[in-house]
Amino acid sequence: MKISLQHVTKIFPSRNKKSGEEVIAVNDFNFDIPDGKLIGLLGPSGCGKSTTLYMICGLQKPTGGKIFFGEDDVTDLAPENRGVGLVFQNYALYPHMTVKQNIMFPLENLKGADKLSKDQMMERTLEAARLVQIDNLLDRKPSELSGGQQQRVAIARALVKMPRVLLLDEPLSNLDARLRLQTREEIRRIQRETKITTVFVTHDQEEAMSISDMIVVMKLGVVQQIGKPQDVYDDPVNLFVAKFLGTPPINVFVGKIAGGKVYIGDDAVLDAPGVADQEIYVGIRPEGFVLDPNGAFHSKLSSVEVMGRDISVVSTNPAAQTPLIRSIINTDSKVDPASETVSFTLKPSKVFLFNKETEERIRIPE
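The structure reproduced in this document is the subject of the present report. Remember, it's a predicted structure, so these values are computed and weren't measured experimentally.

**Remarks on the overall build of the protein chain**
Here's step 1: On a plain count of helices and strands, the protein chain comes out with 8 helices and 21 strands.
Here's step 2: If you line up the protein chain on its principal axes, its C-alpha atoms span 75 × 50 × 45 Å.
Here's step 3: The long-range share in the protein chain, meaning contacts at least 24 apart out of those at least 6 apart in sequence, stands at 67%.
Here's step 4: When the 44 basic and 47 acidic side-chain charges of the protein chain are each reduced to a single mean position, those positions are 6 Å apart.

What follows is the structure, encoded as structure tokens:
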């Protein structure tokens, strides 16, 4: 099911009656979600991603704009008539019901032509339970399940209705780190098997990038960038997107362009032919450093952390926007921990320049 959001806006009235300032939660959202794809809505708390999700499912009504499922305008359609399955952050399972009863519950409320017999409901329930691999837990109560198992019950309950669209609102935030990894892989498997168009809301960029076909990065209700996860990571349109994506995060420096060269402090680290002289921010991905005693970029060495598959060199530089710079280099590289300074050559594809006023990307002509 293709989902189209056309100029969708959501404005909430001010809670402060004196100021009267309205809150724009989502501002002119335009995006076509392709049929059968998993889309990650990504951004910090308060960026409007959950509000967008609730407008898609019908729990919130847009202040402006239209929402289409295929060719159908569902903007004013009630949630129960949209054919969506919604998984909440807190699972919202009925504690007095068994797993089987929780999964079957949505089917018992079907009426008219959609009404199912008991055998049909049981068949659907077992099918959904098998899909999320909890068919051996059907007689347990939610209190007898682990967090990951409860999450699977919530997903099964959403899938049992055979929805046209599956919506997940930060479904992994209550799980521990290892369980999060397992469950996100499970969500991706289920989505590929069912081919249901899925919208996944999260503030965790690693989650979004690992399982999404496309990501939508949001800030203060405004879409910043849309694209395939790797494309957005490799080609951010502004400093916010560059800083939001990546673990460890991008290293940001105050710099300048002068005479066709990029400077960080007194170090001329990169050529920038055809770019006007100006004050800039320079973003360097952790993997963008190559250890080189003759390199153009210098910093003061703090520590060397051997991570197994790579080495993390921690250093400082007066121009850095953060106290520490983290550079990820190959284990074949040898760093003397006793050295006072460390020098690098930079990979041009991992260095991004941003206007200091607007924080928009500055591109070097090829």
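Now that the structure has been shown, the text picks up again.
**Examining the packing of aromatic side chains**
Here's step 1: One pass over the structure, following the stated rule, counts 5 aromatic pairs.
Here's step 2: Ring centres of Phe289 and Phe297 lie 6.0 Å apart, and the angle between their planes is 50°; on these two criteria the pair is classed as tilted.
Here's step 3: Residue classification places Phe297 among the buried residues on the basis of a relative accessible area of 1%.
Here's step 4: Ring-pair connections join several aromatic residues into one group, and the members of that group are Phe253, Phe289, Phe297 and Phe344.

**Section: the sheet that holds strand β17 (residues 310–316)**
Here's step 1: Taking strand neighbours across the sheet as the criterion, the 5 strands line up as β15-β19-β16-β17-β18 in an open arrangement whose pairing is antiparallel. Of all the strands in the sheet, the pair left with one neighbour each is β15 (289–291) and β18 (325–330). The average undirected angle you get between the axes of adjacent strands in this sheet is 50°.
Here's step 2: Bridge analysis of β17 against β18 gives 6 bridges, and the strand direction is antiparallel.

**So, the sheet that holds strand β1 (residues 3–12)**
Here's step 1: Taken together, 4 strands build an open sheet; the order of strands is β2-β1-β4-β5 and the sheet is antiparallel. Here the strands that pair on one side only, and so sit at the sheet edges, are β2 (23–33) and β5 (72–73).
Here's step 2: Here 7 bridges tie β1 to β2, and the two strands are oriented antiparallel to one another. Each bridged residue has a counterpart across the sheet, and for Val8 the counterpart in β2 is Phe29.
Here's step 3: Where helix α1 (residues 49–57) meets the sheet, it contacts β1, β2 and β4 (64–69), and its direction lies at approximately 120° from that of β1.

**Some words on the pairing of strand β12 (residues 261–264)**
In the case of a regular strand, side chains alternate between the two sheet surfaces.
Here's step 1: Because side chains alternate across β12, one face comprises the buried residues Val262 and Ile264, and the other comprises Lys261 and Tyr263, none of which is buried.
Here's step 2: Across 3 bridges, strand β11 (residues 251–258) lies against β12 in antiparallel orientation. Within β12, the residue paired with Lys256 across the bridge is Tyr263.
Here's step 3: Pairing of β12 with strand β13 (residues 267–271) involves 4 bridges; the strand directions are antiparallel. In the strand pairing of β13, Val262 is matched with Leu270.
Here's step 4: Counted between consecutive antiparallel strands, the loop separating β12 from β13 contains 2 residues, among which Gly265 sits at a positive phi close to 65°.

**Looking at the packing of helix α4 (residues 147–159) against helix α5 (residues 177–194)**
Here's step 1: Relative orientation of the contacting elements α4 and α5 amounts to 20°, with a least axis distance of 10 Å. On the basis of their axis angle, the class for α4 and α5 is roughly parallel. Judged by the sense of rotation from one axis to the other, the crossing of α4 with α5 is right-handed. From α4, Gly147, Gly148, Gln151, Arg152, Ile155 and Leu159 reach across to α5, where they touch Leu179, Thr183, Glu186, Ile187 and Ile190.
Here's step 2: Its residues placed into classes, the contact of α4 with α5 shows 5 nonpolar, 4 polar and 2 charged.

**With respect to the packing of helix α2 (residues 99–108) against helix α3 (residues 118–131)**
Here's step 1: Running from amino to carboxyl end, α2 crosses α3 at an angle of 130°, the nearest separation of the two axes being 9 Å. The angle between α2 and α3 places the two elements in the oblique class. As for the relative orientation of α2 and α3, their crossing is right-handed in sense. Counted together, Lys100, Ile103, Met104, Leu107 and Glu108 of α2 and Met121, Met122, Arg124, Thr125, Ala128 and Ala129 of α3 form the full contact between these two elements.
Here's step 2: Here the residues of the contact of α2 with α3 sort into 7 nonpolar, 1 polar and 3 charged.

Cut-offs and rules
Residues numbered from 1 in each chain as written. Predicted model: local features only at pLDDT ≥ 70, side-chain atom pairs only at ≥ 80, totals over all residues. Heavy atoms only, no water. Helix = DSSP H or I, 4+ residues; strand = E, 2+ residues; numbered from the N terminus. Contact = heavy atoms within 4.5 Å. Lys, Arg positive; Asp, Glu negative; His and termini not counted. Charge placed at Lys NZ, Arg CZ, Asp CG, Glu CD. Phe/Tyr/Trp six-rings, centres within 6.5 Å; stacked < 30°, edge-to-face > 60°. Buried < 20%, exposed > 50% of the residue type's maximum accessible area, 1.4 Å probe, protein only. Pairing = 2+ DSSP bridges. Axes fitted to C-alpha atoms, helices over the stretch in contact; angles between N-to-C directions. Parallel < 35°, antiparallel > 145°, perpendicular 65-115°, else oblique. Left-handed = near helix turned anticlockwise from the far one by under 90°. Nonpolar A, V, L, I, M, F, W, Y, C, P; charged D, E, K, R; others polar.

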